[in-house]
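Structure at a glance
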Amino acid sequence: MGAVNLNNIVKRFGTFTAVEKTSMDIPEGSFTTLLGPSGCGKTTTLRMIAGLLDPTEGEIIINGKRVNDVPIHKRNLGLVFQNYALFPHKTVAENVAFGLRYRNVAKSEIARRVKEALELVQLPHLGNRYPKALSGGQQQRIALARAIVIEPDVLLLDEPLSALDANLREDMRVELKNIQARIGVTTVFVTHDQSEALAMSDQIVVMSNGRVEQVGAPQEVYNTPASEFVARFLGASNILDGRCLSRGGEGAVLEVPVFGQITVPSAKAPHLAGEGAAKLVIRAEKLLLRDSPPEGGAFSAPATVETVDYQGQSVRYFVRAGDMQLQAINMIDDRPFPAGAQVHMTLRPQDCAALPG
Ligand code: ADP
Ligand code: MG
């Protein structure tokens, strides 16, 4: 089992910098996800951990040992990529056995471990088939079995679910997470899909443009984004440009368009140092539309519904308040508001987050 640490890693391709001074700690046994848009450097980072690419600068530590000069086959890693890359002319059992043969494990031991790995991915009866006779989901499970059968220190997964169709993808993410939890292997998972990252991870590393934007548990990065990028990339957000008037024990007092003065609790403003430009982040699902203004402490402002996007159990509205358009995703308790309806947007300050402007 192994923790992974990256210390000030840089990767340049010619003059282009794909990964800039990146550090991260991946705790032993954790399911850590590198999340970010296409091209932000996730695969490059994973390939450096794997030993498929050399970092231009910085150190890669696995199990407390610097591995920069350790070749891939000596790092004891399990790898799974988007396109399963099974050997087409080998049976499923031979595919899974590959890493064990390579390590000169005894035949009887190989048979036992292949059987175990196929049971773990719930395909115990497919050992004699060839990959082309399997569905995409089955091939991906075999690729996973092949990666874990060697009992790797670290499992590296690069968008392993993205070639699967939507329903299967959701089933597989639960299954993959369960398998990881059962064997407890340190896992680094790469995805651009925020819901996948939120559902599966112990820790999310949000990346943008070759840099780490934020590291935290799913709820932490979702509820307390460290930057506007994180707020926008994870979920639908309204971001209002305003000012921080004061920052005290009970919170940060912000002056923002539409809602006026609002006091955001300190816990939701950890990145805001003091007075000056500030942004208020309001998640679309925390902006509730009502017929009438709320009683008591909630904040409220009138608005007009512009568009209604019916989504089954919820509705996504775009509403206008003065020259601002805001987005609200509300559960449907009755009938959705129609376009043109006059509504009251309400929100609780503790459901907002504040960022430096
Ligand atoms: P991601 O996996 O997040 O989509 P990558 O790590 O694959 O992103 O790529 C990061 C950036 O590095 C991209 O701009 C990509 O074009 C560039 N890049 C990746 N590999 C190479 C390479 N071998 N040569 C030149 N540029 C590369
Ligand atoms: Mg990639």
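Residues numbered from 1 in each chain as written. Chains lettered and ligands numbered in written order. Predicted model: local features only at pLDDT ≥ 70, side-chain atom pairs only at ≥ 80, totals over all residues. Heavy atoms only, no water.

**Regarding the environment of G58**
Relative to the assigned elements, G58 resides in strand β4 (residues 57-62). The contact partners of G58, leaving out residues within four places of it in the chain, are N7, N8, I9 and N68. (Helix = DSSP H or I, 4+ residues; strand = E, 2+ residues; numbered from the N terminus. Contact = heavy atoms within 4.5 Å.)

**Brief notes about the domain arrangement of the chain**
Structurally, the chain comprises domain 1 (4-223) and domain 2 (236-356). Surface buried jointly by domain 1 and domain 2 totals about 340 Å² across both partners, of which 31% is contributed by carbon and sulfur atoms. Broken down residue by residue, the surface that domain 1 buries against domain 2 is led by Q214, Y222 and N223, which jointly contribute 95%. Linking domain 1 with domain 2 are 0 salt bridges. At the boundary of domain 1 and domain 2, one finds 2 residue pairs in polar contact (both at pLDDT 80 or more). Among the elements that take part in the side of domain 1 that touches domain 2, helix α7 (residues 218-223) stands out by supplying 3 residues, more than any other. Across the side of domain 1 that touches domain 2, the residue classes tally to 2 nonpolar, 2 polar and no charged. (Domains from an automatic or database assignment. Buried area = accessible area lost by both parts, 1.4 Å probe. Salt bridge = Lys/Arg side-chain N within 4 Å of Asp/Glu carboxyl O. Polar contact = N/O pair within 3.5 Å; in protein donor to acceptor, adjacent residues only side chain to side chain. Nonpolar A, V, L, I, M, F, W, Y, C, P; charged D, E, K, R; others polar.)

**Some points on the pairing of strand β11 (residues 237-248)**
For β11 and strand β14 (residues 276-283), the ladder comprises 8 bridges, and the chain directions are antiparallel. Across the sheet, I239 pairs through a bridge with V281, a residue of β14. Where β11 lies against strand β12 (residues 251-256), 5 bridges are found, and the strand directions are antiparallel. Residue G248 lies in a different strand from β12, and its bridge partner there is G251. In sequence, β11 turns back onto β12 through a hairpin of 2 residues. (Pairing = 2+ DSSP bridges.)

**Considerations on the pattern of salt bridges**
Per the counting criterion, the structure on display carries 17 salt bridges. The salt bridge partner of E57 is R12, with a shortest N-O separation of 3.2 Å. Placement of the pair is E57 in strand β4 and R12 in strand β1 (residues 4-13), with a sequence separation of 45 residues. The exposure class of E57 is partly exposed, given its relative accessible area of 30%. (Buried < 20%, exposed > 50% of the residue type's maximum accessible area, 1.4 Å probe, protein only.)

**A word on the sheet that holds strand β3 (residues 31-35)**
Taken in spatial order, the 6 strands of this open sheet run β6-β7-β8-β3-β9-β10, and their pairing is mixed. Two strands bound the open sheet, and with one partner strand each, they are β6 (77-80) and β10 (211-216). Direction aside, the axes of adjacent strands within the sheet are offset by 15° on average. Judged from the 4 bridges that link them, β3 and strand β9 (residues 203-208) form a sheet pairing that is parallel. In the strand pairing of β9, L34 is matched with V205. Where helix α1 (residues 42-50) meets the sheet, it contacts β3, β6, β7 (154-158), β8 (186-191) and β9, and its direction lies at approximately 150° from that of β7. On the sheet, helix α4 (residues 136-148) packs against β6 and β7 and is oriented at approximately 170° with respect to β6. (Axes fitted to C-alpha atoms, helices over the stretch in contact; angles between N-to-C directions.)

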